[in-house]
Each structure stands twice: as structure tokens, then as C-alpha cells.
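# Chains, contacts and geometry: an overview
Chain by chain, the residues run as shown.
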Amino acid sequence: MSLENIVNETKAYYCLECGKCTGSCPISRVNKGYSPRLTVEKALLGFDKELLADGGIWSCMTCNLCKDRCPSNVDYTKFIRYARAEALKTGYTGNCTHGGVLSSLMRIMGNPNLKQDRLGWVSDNLKISEKGDILYFTGCLPYFETLFKDIGVNSLDIARSTVKILNRIGIKPVVMPDERCCGHDLFWTGDLENFEKIAKLNVGLIRGTGAKKVIFSCPECYRTFKQDYSEYVDMDFELVHISEFLAEKIDEGKIDFGSLEEDVTYQDPCRLGRHLGVYDPPRKVISSIQGIGLIEMEHSRERSICCGTSTWTNCDRFSEQIQKERLKEAKAAADTLITACPKCQIHLSCAMKSKTPIDEVKIKDFSVLVASAMGLGDDP
Amino acid sequence: MDPKIVAFCCNWCSYAGADLAGVSRMQYPPNVRIIKVMCSGRVEPSFILRAFEVGIDGVLITGCHIGDCHYVSGNLRAEDRVKMAKELMKTLGLEEQRLRLEWISASEGEKFASVIKEFVEDLKSVGPNPLGKGEASCP
Amino acid sequence: MVDDVLVIGGGVAGIQASIDLAGRGLKVYLVERFPSIGGKMAQLDKTFPTGDCSICILAPKMMECFSHENIDVLTHAEVKGVSGNAGDFRVKILKKPRYVDEEKCTGCGDCVSACPYINLPDEFDMALRSRGNIFIPFLQAVPRVVMVDREHCVKCGNCQVICDAGAIDLYQKPEEIEIHVGAIIVACGFDSFDPSGIKEYGYGRYKNVITALEYERLVCASGPTGGHLDRPSDKKTPNSIAFIQCVGSRDVNHNPYCSSVCCMHATKEAILAKEHYPSMENYIFYTDMRAFGKGFQEYVDRAKNEYEVRYIRSKPGEITEDKETKNPVIWYDDTVTRQVKRLEVGLVVLCTALVPSKGIKELADVLGVELDKNRFFKIADPLYAPLDSSREGILVCGYCQGPKDIPEAVTQAKGAAARAAEVLACLGA
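So, here's what we can say about the structure.

### Some details on the overall build of chain B
- Counting secondary structure elements, chain B contains four helices and four strands.
- Listing each helix as α and each strand as β along chain B from the N terminus yields β-α-β-α-β-α-β-α.
- Compactness check: chain B gives a C-alpha radius of gyration of 14 Å against a globular reference of 14 Å for 139 residues, within 12% of the reference.
- Overall size of chain B, expressed as C-alpha extent along the three principal axes, is 35 × 30 × 25 Å.

What follows is the structure, given as C-alpha cells:
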């Protein structure tokens, strides 16, 4: 898509240059060289080459904070996505984090000849099935487990907890041994060719199980299926995030919580919150747990701040600054931070391990918290 | 089947070992492309996965023997990283034998040649990388 | 065929239209929803660009209107039904009970001090002051008659006991009257947009973030603080004030239009702060400076040069709060220097959008006239019939047909009065 088309598609020509985006942007606040307003201005003034070569387009966390506040409804997040796809074609790319291992993994998963063996984590006490109505989409958790154990994040606990919770309410979810990454990060870094392959593979695999409802514990997978797959592939199953699913079950009286004496605060993942508008279900579930105190951070819900980096690109000292600020906010609210996104957990835990230490905040995943409140926490 | 191998050789021991194999005219199969790295510890899991992604059948990482590392502990790091890469490969469904870590000193030209021979035979029995698209090429 | 006229809305436009019509010898019914006439202008401290005391120039007009023999002022009343055509409208008006006999009440205020319940937010003073269950709408209210808030009243009877005039009737019933008029002028004005939906500015969450109308009351000598700029958190005078323009206006998520008066009223408010407190630092965050009227640019220049008001071209991204001092902190992109900056001030004033008044849709339905896409009254033709609504015999003037300032609203009111007389003359009344 040419820059001119990008401007038209995202209605960037309505930009008033009022600076509300840049004044809102968590990155601009720490990185003086980054400004959404000036990025859009480059496109409007026809500085195409400068824009595509600008490393800043890879710094955007696509958290939607500016998009939601823009008085002219300029979709900056979309603008960045299109600009990245265009930059990629021109040969520019962001700085892949972790040496690019995650991007490599995602591209590998676009290969139809791949036969994965993802279910190593399913221990005997977890009941899963091969075919059925309800499917649990685990996302990249098995890979995250390998890559981020060293910073003390056990991502597979999320998967185990989710299955345990579902088992307790009488559901034996389908979990697929060869499910692919949802392709979220490829989509947002402009690799649409591989994204399309992944979307088709995933939907094909899910169809094969006969599932009517797919449950996600990762907001990125959820958003990608819900909003981005439809452009490439038809889907005939219902999509739901575990927090929404559980909130519904609470209404139906199907969940019994034990009590958990703890004060917690909740980090709204940007995909779940601002992208999809799911603010209340996770809060409802958390506050249904007896004894738990849910204390909001200074920035919560619509104003929530992103975990500092996304799409495994351009993680730098500015990301760390954002993460630490966020952790300080969390600490001011409670000792435990609950997040419903495995990546928030990884990024914030990583910041906690940085060289200049900050006050310890326990970071727990939503499903893990719920499982322990249901008394399902301790068995392996 | 003619397996394609990428070998990462460290600057101080293994590359010199491979060099010795060469100048000593030792015979080994021509299936390997050598990439010199300063230390085996430099090889990240991403390098390994990238090789498999583009269709390479086997990845060999060679370094100084434990205790001999020019950077004191780089080869210990290489061990950790290979362990992590193997775990990722297991989940991906790629055979463990496709990734090999060997300690080869500058005087072990013969060992280098025999490792390559062995690795090629191993890979032949494992079969081609399912991700291969014929000729390996970067996307 | 009658030549009486109904004016809906007792703000400055409605008052002016009524006076003009009455001066021509026509009988006017002025219906106002609030218990006093005066409208939003009565709430303002000063007017721009002249700096006149708002209530001082309005009050004589309010009195003139109320005491005019040709004008029947119906406060605390609403139009409930309209039938017929131009020259022959039958209008149903609901006179809501104020539980006080307007004829008997002298406005002495004895009952006000007798009421034991004094913790209700005062509407006129933007809830910055509390009032009792029985109250006079505001100091200069016309008519100066008390009214009972029956929703909260416990009927203790203290007020009845103390009232020498015997004016209080706690069992007063609503009354519906029907009038017969030839033309209707609508001048129902505007309301201030509620900025609590714009979460990033923290209105409602941070005490020291207030709206411009609240600020007008704070700085007004007859306001709740007697004109002392006591900020809500600690009742102390702040050292600095930031005014933020276009809050909810020029914003497609809320109101896409320009509210037309905020650049100027912010300038005025900043000047007032500086006049009250010479050491005050004032900042105005604007999107585009729209000083388009007579004397406006000169006014802004004076604010900059004589009153040291600092104008910053930026729409702030977010307001946070310093937990200890309760000072609002503004995060903004200075679009001139291209830097993201942080500014801590003592008080933030949000210059909110001005929106069509609450209930305009219901009123439009009753009148059978159309609204435009921003819910202002649609006008028949912007060039040749700028005061006619979409229905013959019904005229619209003032802010309810589109953003404008006081002089323009008054001009329109005078035009609407003349137009109403013209319509009636054409119909042969």
C-alpha cells in the first residue's frame, strides 16, 4: 500500500496536529525522539522515504491509547501497521528482540509441513480431548516456557491452570498438538504473507476438531482471531476470552471459589482492554473471589499503560522505563499484580530482574490466580 | 539425500581445528558450510532456528573444550543455549539429532573431519528437514 | 388568528426577544424551565472582550422583562404540546409546582435560614455551594421568589411557621395551562458538556480539575467563594492555572463542531485570574486560536502582553495528579518546540464544549421542528431565513441554533422578534 493510500485508509488527513497523541504516548514521554504526531506529519508532507526508514515506526506499542483519544479519529495503530508492511517491503525492519527467535518460530509455524509436539505439558491430572465442542487455544505458551524460564516466568502454568479450571466446571477441552502461533506479531510487523498461511492453517486445524467455541487465555490470540483473521479466512466458531467465559459461568453459579486473603491490582492488557473493550469480565471474576481486594492502579481501564513493548520488536531502555513506572504504580496499589496476558507477565517480570532493582511486585496470571482460588493451585 | 549442514565454529579452537583438517588434507563430506563466530557462546537459539527455518538439515556448533574457552565461560553458555534450542526443537517436532554440539580444539583436525562424517550419516538416517523447500534460501 | 407570541427560554436571547416584541405592543409569554430567568449569562462573571460584569448588564434587562406589562413570565414551566399552525398555535404549558405562592412571597429569605437541611448541591453555583430544601435560585434571581425542593423536603414545616406572608404551600399541584399564540420563538440555549467521559483529563477524579462554568462561579464576586479563587481540594489560591481548550469540542468522538466562545472566554478568565492575583501564572492550551470577532485579536494580544498569559499550541494528552499537593500535572506535546513536556499547575480549567441544552430533542418533537446532526435546531436557510426553523411560525435564535457569543445571540434575538412581527403581519394579524 502506498503511503498515500495509507493516509487515506487511516484518515490521517484529518490530523489537526494538536499533539494529543504524542502527549498521551507512553513512549514519547520517555523517548524524546519519538512522536506519533511527527510520524503522521511525515506521511502527510510526502516524506515517504524518511518515514519508512524511521526506526520509530517499530517502537510503537500499538496500544491504542492515542487512537482512542484522537479528536479526529485518526487510526494511528493501523497507520503504523500499514507503514511497517510497506517498510518491510522496502527492506527495513525493527530490532527483533531475543535475536529474532520468536519471529523465526512464527515463520516456521507458517510451514504446512511442520508437525509439532506441543502437548508435553499435559500431565495425567489434566483432562483434554481430541474432538469436542470447546477448544482451548494455548498460543505460544509452550515456547514461552522454554524461552523465559530463566526470568522466573512459567508460562505453561497459565495453560495448566486454564485446563484445570475448565475440568472443574466439567469441560474436557480440545487442545491441539499441532496448533500454530496465532500470527499476531507477524501481522503487526507487516509479514502478511506468513500471517495468511498461519491463519488458514489454524482455522483448518480447529475445524478438524469440530469445536464450536474457542477459549483463549492470551488476549493477542483473541484479538487476532476476532478482528484480523476474518480478512483472510472464514470462521464458523465462537471466540471467547477465558475471563469472559468465567464471568458468564459465575452468573450461572457454576464456580465455587475458596477464599484468598490478598490485595491485588489488575493490569489491563492493551489487546483485551482498549482493542476489544473487555474491561469488566476479568474484574468481575477477580472480585468474586472471597477475601480478595482488587485495588485499581492510577492508570487503569481505558487509561491503562502498556507493558512497554510488543511484537518482540524494539525493546530498549525506554521500554524498561515504562515497565518500571508501571510496576511502581502497581506497587502503590498492591503487592500482587494480576495480568491476563502472558506477554505482560514476561515483560514486567523481565523489568523486575533488571540491573537497577525496584520494589518486588508479585506478577501473577489471571488464570493462575483463579485456579488457586478454586483450590486447584497446588497439584502438579 | 544430501544433507545440508551449517557449522558454527569458534575463532580460537574449532575454526583452527577445521583449518587443520583442511591443510592436513583430511577427507570429509562437502555438506557443511562453516560460519566463523568469535565464541561458541555467541550462537543464539535464534541462529539455530533460522537455519532450520530456511531448510538446513543439521546445525553443528563447535567450541573450545570446557575449561579452555578463550572467554573463560563462553562454551558453558553455548551448552545452555543448545539445551534451550533442543527444547524448542522438541516442541516444534524437529528431531534432536539435527543439532549437535562438539568441543574441538585447534589440534583436533581429525576430530573435526570425523564429526562431520558422523553427522552427515546421522542426518541421512534422520531424513530431510520437513521445513526444507528444496534449495535453502532466505525469504 | 392571534398576534400573541410565545418565547421559550429565558436567557439573554429570550429576554431580548420578549422585550422587543413587548415594545411593539405585542403580548408575550416567556416560558423558562429554571425557577429564575437569566440563563447562562447570569452565571458568568464577566463578558469578553469588554470585561463588563455579566449580571450587572443583564439584571436590568431581566427586571425590565419581568415587569413589562405585555410580558407574562412563566418560570419553572415547560412547553408540553403545540398544535395548530402559524398564526394560530395552541400551546400547552406545564407549570411545575414550586410550593410557594409567587404572588405572596416577598423574597425576604427568612424561610431559607429556617430550613434545617442545607446540604444539597446548588445548581446555579455548579454544586460549589450547598443550599437548603427551600432556596432562592440565586442572589439576583428574577422573580425573587423562593422555591421548595420537594424531592428532598421532609415537610418539617419550619418554613411555613416562619413565613409571615403565608406564601408556602407544600401541597401545591402542577398546573397545566393552554395559551393561544401566533408565533413561537425558541431560545433555549445550551448546556456545558460533561467532561467526565474524557477519562484522560480526570474530571470527577481529580478535585482540582474543574470546568469553565465552575470557574466562572468561583471567580465571581457573588459566587460561592465571594470571588476568591479557592481551589476545591484545599480551599487555597493556586499559583498557576491552566485552561484547556476544545474539551469535547472539535472532537469527532464527542462534538465535532467548534463551540465558538472558548478561546475568548479562556482569555477572559485568565485575565480575571491575573487581575485578582497579580502573581498568578496562566497557561492556555489551544488547538487553534480563533479570535475572529470585533476586538477579539486585540484582547488576546493584551492578554499576552499585559497579563503575561502564556498560550501553548497543544491539546494535552493526559492530566495526572501529584498525590501530595493535589496539583494537576499536564502532559502535553508542545507542537511548536516539538517536545513532550510536563507542567504542574495549581488548577486546571477545562473549557468544555457547549452542547444543545438537555431536553432539546423532546422540545423539538413537541414543536414539530427538525434538529441538525449536532442536535441544534435546523434553520430553514442559512442565508435568507437564518432565524426560521423548519416549521412556519416557529423561529429559533441564540445558541440553540448554533454556537455563538452573547452579542450575536442578542442580535439574533432582536432579529427573531422582528421576524415574528413580520410573520404575524403577513398572516394579517
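### What about the pattern of salt bridges?
- Summed over the entire model, instances satisfying the criterion amount to 67 salt bridges over all chains.
- A salt bridge links C:Glu200 to A:Lys20, with the shortest nitrogen-to-oxygen separation between them at 3.0 Å. Of the two residues, C:Glu200 is situated in the loop between β12 (190-192) and β13 (209-211) and A:Lys20 in helix α2 (residues 20-24); the pairing between them involves two chains. Residue C:Glu200 shares its accessibility class with A:Lys20, and that shared class is buried.
- When salt bridges that share partners are traced, they join A:Arg29, A:Glu298, A:Arg303, C:Glu318, C:Glu321 and C:Lys323 into one network.

### As for the nonpolar core
- Ranked by size, the top nonpolar core spans 103 residues in total, and within it A:Phe137 and A:Leu246 carry the most contacts.
- Composition of this core by domain shows at least three residues from each of domain 2 (97-247) and domain 3 (255-373) of chain A.
- With sequence-adjacent residues up to four places away left out, A:Phe137 is seen in contact with A:Met176, A:Glu179, A:Arg180, A:Cys182, A:Asn202, A:Ile206, A:Val214, A:Ile215, A:Phe216, A:Ser217, A:Cys221 and A:Phe225.
- Core analysis: the next-biggest nonpolar cluster, separate from the first, contains 58 residues, C:Tyr203, C:Val247, C:Leu354 and C:Tyr399 among them.

### Some points on a nonpolar patch on the surface
- On the surface, a nonpolar cluster with roughly 510 Å² of combined accessible area is contributed by A:Tyr13, A:Tyr14, A:Leu44, A:Leu45 and A:Phe47.
- Mapped onto the secondary structure, A:Tyr13 falls in the loop between α1 (3-9) and α2.

### A word on helix α8 (residues 101-109) of chain A
- Of all nine residues making up α8(A), eight are buried, and the element is well covered by its neighbours.
- Listed as buried for α8(A) are A:Val101, A:Leu102, A:Ser103, A:Ser104, A:Leu105, A:Met106, A:Ile108 and A:Met109.

### Regarding the interface of chain A and chain B
- On the side of chain B, 15 residues touch chain A, which itself brings 20 residues to the contact.
- For the pair chain A and chain B, the summed buried area comes to about 1,700 Å², and 61% of that belongs to carbon and sulfur atoms.
- It is A:Ile108, A:Asp117 and A:Thr146 in chain A that bury the most area against chain B; as a group they hold 29% of the surface buried on that side.
- Across the pair B:Glu53 and A:Arg107 runs a salt bridge whose closest N-O atoms are separated by 2.5 Å.
- Linking chain A with chain B are eight residue pairs in polar contact (both at pLDDT 80 or more), by the criterion used here.
- Looking at the side of chain A that touches chain B, the elements that each hand over two or more residues are α8 and α9 (141-148) of chain A.
- Among the elements that line the side of chain A that touches chain B, the one with the most residues is α8(A), at five residues.
- Here the side of chain A that touches chain B is composed, by residue class, of seven nonpolar, eight polar and five charged.

### Quick look at the packing of helix α10 (residues 156-168) of chain A against helix α19 (residues 366-373) of chain A
Residues and elements named next belong to chain A.
- Taken N-terminus to C-terminus, the directions of α10 and α19 make an angle of 45 degrees; their axes are 8 Å apart at the nearest point. Classified by the interaxial angle, the pair formed by α10 and α19 is oblique. Considering only the axes of α10 and α19, their crossing is left-handed. Note on element contacts: α19 touches α10 through Ser367, Val368, Val370 and Ala371, opposite Asp157, Ile158, Ser161, Thr162 and Ile165.

### What to know about the interface of chain C and chain A
- Chain C puts 27 residues into the contact, and the matching count from chain A is 25 residues.
- Its largest share of buried area at the contact with chain A, chain C owes to C:Lys315, C:Glu318 and C:Val340, together 25% of the area lost on that side.
- Along the contact surface separating chain C from chain A lie seven salt bridges.
- Summed over the shared surface of chain C and chain A, the number is 16 residue pairs in polar contact (both at pLDDT 80 or more).
- The element best represented in the side of chain C that touches chain A is strand β18 (residues 328-334) of chain C, accounting for four residues.

Analysis parameters
- Residues numbered from 1 in each chain as written.
- Chains lettered and ligands numbered in written order.
- Predicted model: local features only at pLDDT ≥ 70, side-chain atom pairs only at ≥ 80, totals over all residues.
- Heavy atoms only, no water.
- Helix = DSSP H or I, 4+ residues; strand = E, 2+ residues; numbered from the N terminus.
- Rg over C-alpha atoms; globule rule 2.2 N^0.38 Å.
- Salt bridge = Lys/Arg side-chain N within 4 Å of Asp/Glu carboxyl O.
- Buried < 20%, exposed > 50% of the residue type's maximum accessible area, 1.4 Å probe, protein only.
- Core = buried A, V, L, I, M, F, W, Y, C linked by side-chain atoms within 4.5 Å.
- Domains from an automatic or database assignment.
- Contact = heavy atoms within 4.5 Å.
- Patch = residues over 30% accessible without salt bridge, like charges linked within 9 Å, V, L, I, M, F, W, Y side chains within 5 Å.
- Areas by Shrake-Rupley, 256 points an atom, 1.4 Å probe, with all protein chains shown as cover.
- Buried area = accessible area lost by both parts, 1.4 Å probe.
- Polar contact = N/O pair within 3.5 Å; in protein donor to acceptor, adjacent residues only side chain to side chain.
- Nonpolar A, V, L, I, M, F, W, Y, C, P; charged D, E, K, R; others polar.
- Axes fitted to C-alpha atoms, helices over the stretch in contact; angles between N-to-C directions.
- Parallel < 35°, antiparallel > 145°, perpendicular 65-115°, else oblique.
- Left-handed = near helix turned anticlockwise from the far one by under 90°.

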